[in-house]
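Here is what each chain is made of, one letter per residue.
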Amino acid sequence: MEFKKVTAALLSAAVLLGLAGCGAPKEQNQELATVQQETQKQEPEVRGVTAYVGTSIFEDSLDPIKGGMSHGFPFINNALLRVNPDSKYVGDLATDWAVSEDARTYTYTLRQDVKFSDGSDFTAEDVVFTYEQVMENPANNENVDLSRLESVTAKDDYTVEFQLKEPYSPFLDTTAQLQIVPSDSYDSGKFDTMPIGTGAWKMVQYDHNQQMILAANENCYYGVPKLPQVTLVYMDADAAFAAAKSGQLDVVMVGTSYADEQIPGMTLIPFETMDVRQISLTVQPKHTVTTEDGKQITVGSDVTSDPAVREALSIGIDRQKIIDNAFNGIGRPAVNFTDNLVWASTEEYPDGQVDKAKELLENAGWVDTDNDGIREKGDIRCSYEVYSAGGDQDRYQLASALAENAKELGIEIIVKSASWDEVTSLEYSAGVVWGWGQYSPTVLRSLFSEKLFMKGMFDNVVGYANAEVEAQIDKALAASSQEEATEAWKQVQKLADADYPYLYLVNIEHCYFVNDNLDMSPETQVPHPHGHGTPVICNMNDWNWK
C-alpha cells in the first residue's frame, strides 16, 4: 500500500477518535473502529500510534517563548541542553558549555548540523532571538526565569555567550528549559498551536480540545523517528480507558486505581518519576497575620507546630502500607524530596517506628485522656486537617490511607476535598497533599526559603524558617560550580528535613496501558517530572512497533 493512502486513513481515524471522545454518534464510532482495524493490518513501518497522555498538553501554549514544554520533554523544539535517562544534563542544541571563574559568563558551543523543520538553518541568532523575546516579555512566561540574565550575545554563528547580573548556578537548568524557536519565521499567534522547531516531530494538525497530529521531522538532527506519525487525543480519562479497551488507543494514561484492570492486548507499565507526594505540616503556632494589602490570614497550627508531632508522623507511619492501600502498591516510599537527581538527598530513615513515635508524643505531653483513640495536650486535640485539591482522586486516596495509618499513633487526620482556590486560602493553616517534581534544585528554595513565606502562591506554605538553611540556599545559588551548588543543595535538605516540615509519602510512578506490540524504549525514558501524562512522550522518537 502506498504511504499516502495509509497516512490518509490514519488522519481519518484520528479525527474520528477526537469526535468519539466528545460524544460522537454511534455510527462514527463504528466507522472509527473499522478504519483502525484496517490500519492495524498495515506493515509496522507505516503504522502510526494513537495515544492519550492526559489533557494538560492541550491546556497551554506550545510556544517555548510563552513557557511551552519547558519541563524536560521536548518533542517539537529543543533546548541547548537536555536531561538524559540518568537525570544528568547533556548537550542538545549545544555540544559544549563553559562557565567563567566568577560564575557570571556562560558560553555555549552550538551544533552545526541542525535545521528547523521548515528547512532553515539553526544558528546562534535563533538562540539570541529566543532569549531576548523572553527577557522582553517575562509576563508571558512563568516557567522560565531570566531575571538574572543581563545579556545574550552571538559571538559567531555557533557560539553564544550569556552574561548574568550575578552568579546564579541554576542558570544551567534554565538552558535546559527554554527551547529555541527560529528567528526568521517566529509567529507569536501561530506558535501557540503550530510551532516550528528542531525536534523529532512537527505539528501537522491541531484541533483544539480534540487532537494533535504529529508527523516525523525528516530534518531532525538526531535521527528521523521510527514511527511516521503520532496522534495525541483529548478525552475524558474514563472515555480514554474505554477507548483503549475497544482497541482504539495504543497508549493510555491511567491512575493507579486502574492497576487491577485488564485490557486485552495491552500491558500496564509504571514509569519512574521524580514526582513526589507530600503533605505540608505547618511549623508555626496558630496566629493571625496581616498581609501587605491589609488582609488578615490565619496561619499555623497548634498541633503540627510541635516538632514531636511532625517527627512522630514521619517515623511512625508505614509508607508501604499506605501505598498498598491508596495506589495498589504502585510507587516507592519516600522520606525526602526525591533520590534520583544529582542534587537530591539520599539520606533515609526507617518508618513504621510506632513505639518510638508514641514515646515522642507522650514525652511531649500528647496523651489520650478520654480514651477515644486520639491524643490531647491540654485542651488541644491532636487533629490536623489535610486537603486534597483539584478533584484528584489519587491524592484523596493517599490522604485517606495516611489518616487510617496515623490512627495507630493516636493522631487524627481529617481528610477534605476542595478546589484549588479554596486550598490556597487555607494552605498556611492546614495540610495539603502536594505534588512536586522537577529537574532544577530551585524547588528546594520554594519549599524552605523563609524569604518566600506568603510571597508566592505555593512557596514555603509551612512557614519554615532556619538561618542555616537560608545560608545554604544562598550559597547554592551563588556557587561558581555545579559541584559546589550540589553540595549546598544537599545540605539544605539535610538541615531542613531534620525539622520534618513536610511529610513525604511516595515517589509516585506514572502508569500507562501500552499496546503489547509497541516498544516504548523504556531504557531511553527519563524519570518523569511532576505532571502525570505528557512526560511519557520524552522519548517518542524512539517508539517503534515490535
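Details of the structure are given in the entry above.
Residues numbered from 1 in each chain as written. Predicted model: local features only at pLDDT ≥ 70, side-chain atom pairs only at ≥ 80, totals over all residues. Heavy atoms only, no water.

Visitor: Got a minute to help me understand the overall build of the protein in this structure?
Guide: Across its full length, the protein holds 14 helices and 25 strands. Its C-alpha atoms give the protein a radius of gyration of 25 Å, near enough to 24 Å, the size a compact globule of 546 residues would have. Principal axes of the C-alpha set define a box for the protein whose edges measure 80 × 60 × 40 Å. Taken across its 546 residues, the protein has 55% of its residues classed as buried. (Helix = DSSP H or I, 4+ residues; strand = E, 2+ residues; numbered from the N terminus. Rg over C-alpha atoms; globule rule 2.2 N^0.38 Å. Buried < 20%, exposed > 50% of the residue type's maximum accessible area, 1.4 Å probe, protein only.)

Visitor: Whenever I open this one, the side chain of Thr282 confuses me. Can you help?
Guide: When you line up the elements, Thr282 lands in the loop between strand S13 (276-280) and strand S14 (287-290). From its side chain, Thr282 meets the backbone oxygen of Tyr428 in a polar contact 3.4 Å long. In this structure, Thr282 is in contact with Gly300, Ser301, Thr304, Ser305, Tyr384, Tyr428, Ser429 and Val462, ignoring residues within four places of it in sequence. (Polar contact = N/O pair within 3.5 Å; in protein donor to acceptor, adjacent residues only side chain to side chain. Contact = heavy atoms within 4.5 Å.)

Visitor: I keep staring at the environment of Asp96 and nothing clicks. Help me out?
Guide: For Asp96, the position within the fold is in strand S4 (residues 94-99). Among the residues examined, Asp96 registers a relative accessible area of 45% and is labelled partly exposed. Considering only alpha carbons, one finds Asp96 and Leu81, 15 residues apart in sequence, at a separation of 9.2 Å.

Visitor: What exactly am I supposed to notice about the pattern of salt bridges here?
Guide: Pairs may arise between side chains of opposite charge once their charged atoms sit close together. Per the counting criterion, the structure on display carries 19 salt bridges. In this structure, Lys407 and Glu404 form a salt bridge, with 3.3 Å as the shortest nitrogen-oxygen distance. In this structure Lys407 comes out as partly exposed when scored by relative accessible area, which is 49%. Residue class for Glu404 comes out exposed when judged on its relative accessible area of 52%. With a shortest N-O distance of 3.3 Å, Asp474 and Lys451 are connected by a salt bridge. (Salt bridge = Lys/Arg side-chain N within 4 Å of Asp/Glu carboxyl O.)

Visitor: Looking at this structure, how should I read the nonpolar core?
Guide: Most often, soluble globular proteins keep nonpolar side chains buried together rather than apart. Tyr131, Phe162 and Phe448 are the most contacted members of the largest nonpolar core, which totals 126 residues. Counting residues per element, this core draws most heavily on helix H4 (residues 124-136), which supplies six residues. Not counting the four nearest positions on each side in its chain, Tyr131 is found in contact with Leu80, Leu146, Leu149, Val152, Phe162, Phe171, Thr174, Thr175, Leu178 and Ile180. (Core = buried A, V, L, I, M, F, W, Y, C linked by side-chain atoms within 4.5 Å.)

Visitor: Can you help me understand the pairing of strand S22 (residues 502-507) in this one?
Guide: Each regular strand carries side chains that alternate between the two faces of the sheet. Counting buried positions along S22 gives six out of six residues, so the element sits mostly inside the fold. With five bridges joining them, S13 and S22 adopt antiparallel strand pairing. Following the sheet pairing, Gln278 is matched in S22 by Tyr504. Taken together, the two bridges between strand S16 (residues 332-333) and S22 define a ladder with antiparallel strand orientation. Bridge assignment links Arg332 to a residue of S22, and that residue is Asn507. (Pairing = 2+ DSSP bridges.)

Visitor: Is there a simple way to think about the sheet that holds S4 in this case?
Guide: Hydrogen bonds between backbone groups are what pair the strands of a sheet, and the pairing can be parallel or antiparallel. Taking strand neighbours across the sheet as the criterion, the four strands line up as S4-S5-S7-S6 in an open arrangement whose pairing is antiparallel. Lying at the two open borders of the sheet, with one neighbouring strand each, are S4 and strand S6 (149-156). Taken pair by pair, the neighbouring strands of this sheet meet at an average axis angle of 20°, ignoring direction. Bridge analysis of S6 against strand S7 (residues 159-164) gives six bridges, and the strand direction is antiparallel. Each residue of the ladder has a partner; that of Ser151, found in S7, is Gln163. (Axes fitted to C-alpha atoms, helices over the stretch in contact; angles between N-to-C directions.)

Visitor: What exactly am I supposed to notice about unusual backbone geometry here?
Guide: Positive phi outside glycine occurs at Met69, with the angle close to 50°. Relative to the elements of secondary structure, Met69 occurs in the loop between helix H3 (56-59) and strand S2 (81-83). You can call Met69 buried: its relative accessible area is 12%. For Tyr500, which is not glycine, the phi dihedral falls at a positive 50°. Among the secondary structure elements, Tyr500 is positioned in the loop between helix H14 (482-497) and S22.

Visitor: In this structure, what is going on with helix H13 (residues 467-477)? I would like to understand it.
Guide: Given 3.6 residues per helical turn, the α-helix brings residues three or four places apart onto the same face. Of all the positions in H13, only Val469, Glu470, Gln472, Ile473, Ala476 and Leu477 are classed as buried. Viewed end-on, H13 has its buried residues packed into an arc of 165°, placing them on one side of the element. The exposed residues of H13 that point more than 90 degrees off its buried face are Ala467 and Glu468. For H13, the secondary structure elements touched by its buried residues are helix H12 (442-448) and H14. For H13, the side-chain oxygen to backbone nitrogen distance between the N-cap and Glu468 is 2.9 Å, and the N-cap itself is Asn466. (Arc of directions from axis to C-beta.)

Visitor: Teacher, can you tell me more about a nonpolar patch on the surface here?
Guide: Among the surface-exposed residues, Trp420, Met457 and Phe458 lie close enough to one another that they form a single nonpolar patch of about 290 Å² accessible area. Structurally, Trp420 is set in helix H11 (residues 420-426). (Patch = residues over 30% accessible without salt bridge, like charges linked within 9 Å, V, L, I, M, F, W, Y side chains within 5 Å. Areas by Shrake-Rupley, 256 points an atom, 1.4 Å probe, with all protein chains shown as cover.)

Visitor: Teacher, can you tell me more about the packing of H13 against H14 here?
Guide: For any two helices packed against each other, one specifies the inter-axial angle together with the distance between the axes. At a minimum axis distance of 8 Å, the contact between H13 and H14 shows a crossing angle of 160°. Relative to H14, the element H13 is oriented roughly antiparallel. In this structure, H13 meets H14 at a crossing whose hand is left-handed. Of H14, the residues touching H13 (which contributes Glu468, Val469, Gln472, Ile473, Lys475, Ala476 and Leu477) are Glu484, Ala485, Ala488, Trp489, Gln491, Val492, Leu495 and Ala496. (Parallel < 35°, antiparallel > 145°, perpendicular 65-115°, else oblique. Left-handed = near helix turned anticlockwise from the far one by under 90°.)

So far we have only geometry, and geometry alone does not tell us how the molecule works.
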